[in-house]
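Examination of the molecular architecture
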Amino acid sequence: MPELPDLTVYMESLEARIVGKRLERIRLLNPFLLRTAVPPIGSAEGKQVLKLQRVGKRIVLVLEGGLYLVLHLMIAGRLRWLEPKEKPPGRITLALLEFENGTLAFTEAGTKRRASLHLVDSLAGIDPGGVEIFSIDAAAFAARLRSENHTLKRALTDPRLFAGIGNAYSDEILHRAKLSPIAMTSRLSDEEVHRLFEATRATLAEWIDRLRKEAAAGFPEKVTAFREGMAVHGRFGKPCPVCGAPVQRIVFAENETNYCARCQTGGKLLADRALSRLLKKSWPKSLDELEQ
Ligand SMILES: [Zn+2]
């Protein structure tokens, strides 16, 4: 699922192309993508894009006339920019947003149709409520983290608590903070919470910077949850870049969480009956459960 770093780079690439431009036509190739009926989708046509806004993991095109076109990529949704006359990719294209200077293709790989498009005249009800990590200080972070008692993995990826963090970057953040994904938020010391705050900001800032450099040449093409250079996410069995121990995993429902036992759990492998009880209670069950 595209998370804060990916979404930031998408937004910046889109801003450079479509802000101030007129959305001339919307072609829905898969009508199921659009989840709203009112206002009618045709009312967005001919409107100018005033600005872009991110709400959680959603990208919002703010249009003149008080309209908001909300794109939620979920797991396999992606964006592609097509120059005039360039052909959209075949079966995976769900919608084409045609501007005077090019077309934004909204694609989704795979067979599950989870990505969505909403046209609304108010953003009320769109925002799941998570705080933006770069808009809060350490005290606000601590308060938010401790507002509910959850595993760290669950707390970081809960869009009601924090905006823009999903399965991939939560693994990276926890590795950097040297904290166990199953540690409970209520049990953390002040020092650990502060370490997590610093690690969250540092990890996301570093990846935004990295992806920005990668996208400098054009529209971001290779948006993936598994990136070269990640410390633990998607690296089961490979050596931890800090200590060299093999990266471990917790597989639960549709999710795989990766961690380094030596760096994060005092060498303990997380696999026993107590763990499965905990996973049932305080763990994201599927990649998109919390997002919908
Ligand atoms: Zn390690």
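In every chain, residue numbers begin from 1 and rise along the written sequence. pLDDT decides what is reported in this predicted model: residues at 70 or higher carry local features, side-chain atom pairs at 80 or more are listed and counted, and totals for whole chains, interfaces and linings draw on all residues regardless. As a rule here, side-chain values cover all heavy atoms of the structure and leave hydrogens and water aside.

**Structural notes on the overall build of the protein chain**
Secondary structure elements follow DSSP: runs of H or I no shorter than four residues count as helices, runs of E no shorter than two count as strands, and numbering proceeds from the N terminus. Summing up its helical and strand segments, the protein chain has seven helices and ten strands in all. A compact globule built from 292 residues should have a C-alpha radius of gyration of about 19 Å, and the protein chain, at 20 Å, falls within 12% of that. Its C-alpha atoms give the protein chain principal-axis dimensions of about 60 × 35 × 30 Å. Among the 292 residues that make up the protein chain, the fraction classed as buried is 54%. Contacts were defined at the residue level, with two residues in contact if any of their heavy atoms lie within 4.5 Å. Here the contacts in the protein chain between residues at least 6 apart in sequence split such that 66% fall between residues at least 24 apart. One finds the centroid of the 44 positive side-chain charges in the protein chain at a distance of 5 Å from the centroid of its 35 negative side-chain charges. Atoms counted for the radius of gyration: C-alpha only. Globule rule: 2.2 Å times the number of residues to the power 0.38. The buried label applies to any residue whose accessible area, calculated with a 1.4 Å probe on protein chains only, is under 20% of its type's maximum; exposed applies above 50%, and partly exposed to all values in between. None of His or the chain ends enter the tally, which takes Lys and Arg as positive and Asp and Glu as negative. To locate a charge, take atom NZ for lysine, CZ for arginine, CG for aspartate or CD for glutamate.

**Details of the sheet that holds strand S8 (residues 116–120)**
Sheet architecture is open: eight strands sit in the order S5-S7-S6-S1-S2-S3-S4-S8, paired in antiparallel fashion. Bordering the open sheet on either side are strand S5 (77–82) and S8, each of which pairs with just one other strand. Taking each pair of neighbouring strands and ignoring which way they run, the sheet shows an average axis angle of 25°. The convention used is that axes are lines fitted to C-alpha atoms, helices contributing only their stretch in contact, and that angles between N-to-C directions extend from 0 to 180 degrees. Lying on the sheet, helix H1 (residues 4–18) is in contact with strand S2 (47–55), strand S3 (58–63), S5, strand S6 (93–99) and strand S7 (102–108); it crosses S2 at an angle near 165°. Strands were regarded as paired on the criterion that DSSP finds at least two bridges between them.

**Side note on the side chain of Lys57**
One can find Lys57 in the loop between S2 and S3. Residues adjacent in sequence count toward polar contacts only when both atoms are side-chain atoms; beyond that, a polar contact is any pair of N or O atoms within 3.5 Å, and within protein one must be able to donate a hydrogen and the other to accept it. Polar contacts involving the side chain of Lys57 include one to the main-chain carbonyl oxygen of Ile165, which spans 3.2 Å.

**Observations regarding the packing of H1 against helix H5 (residues 190–215)**
Helix packing for two helices is described by the angle between their axes and how far apart those axes are. As a packed pair, H1 and H5 sit with axes 8 Å apart at the nearest point and diverge in direction by 40°. The angle between H1 and H5 falls in the class oblique. Note on packing geometry: the crossing formed by H1 with H5 is right-handed. Here H1 contributes Leu4, Pro5, Asp6, Thr8, Val9 and Glu12 to the contact with H5, which in turn contributes Leu204, Trp207, Ile208, Leu211, Arg212 and Ala215. For the contact of H1 with H5, the class distribution of residues is eight nonpolar, one polar and three charged. Orientation is classified from the angle alone, with under 35 degrees giving roughly parallel, over 145 giving roughly antiparallel, 65 to 115 giving roughly perpendicular, and any other angle giving oblique. Note on convention: near helix rotated counterclockwise from far helix by under a right angle means a left-handed crossing. Clockwise means right-handed. Residue polarity follows a fixed list, in which Ala, Val, Leu, Ile, Met, Phe, Trp, Tyr, Cys and Pro are nonpolar, Asp, Glu, Lys and Arg are charged, and the others, Gly among them, are polar.

**Considerations on unusual backbone geometry**
Cis geometry marks the peptide bond from Val38 to Pro39, where omega comes out at -5°. Position of Pro39 relative to the elements: it lies in the loop between strand S1 (22–28) and S2. Here Met74, not a glycine, exhibits a phi torsion of approximately 50°, which is positive. With respect to the helices and strands, the residue Met74 is situated in the loop between strand S4 (67–72) and S5. Under the relative-accessibility criterion, Met74 is labelled buried at 3%. With phi around 55°, Lys178 is a residue other than glycine that occupies positive phi space. Residue position: Lys178 is located in the loop between helix H4 (167–177) and H5.

**Comments concerning the pattern of salt bridges**
Note on definitions: salt bridges are taken to be side-chain nitrogens of Lys or Arg within 4 Å of carboxyl oxygens of Asp or Glu. Across all of its chains, the model carries 17 salt bridges by this definition. Here Arg113 and Glu108 are joined by a salt bridge, their closest N and O atoms 2.9 Å apart. You can call Glu108 buried: its relative accessible area is 2%. Among the ionic pairs, Glu148 bridges to Arg160, the shortest N-O distance being 3.3 Å. Separated by twelve residues along the polypeptide, Glu148 in the loop between helix H2 (138–145) and helix H3 (152–157) and Arg160 in the loop between H3 and H4 bring together distant segments of the chain. The class of Glu148 is partly exposed, set by a relative accessible area of 25%. Overall, the relative accessible area of 38% leaves Arg160 in the partly exposed class. Among the charged side chains, a salt-bridge network with shared partners connects Glu148, Arg154, Asp158 and Arg160.

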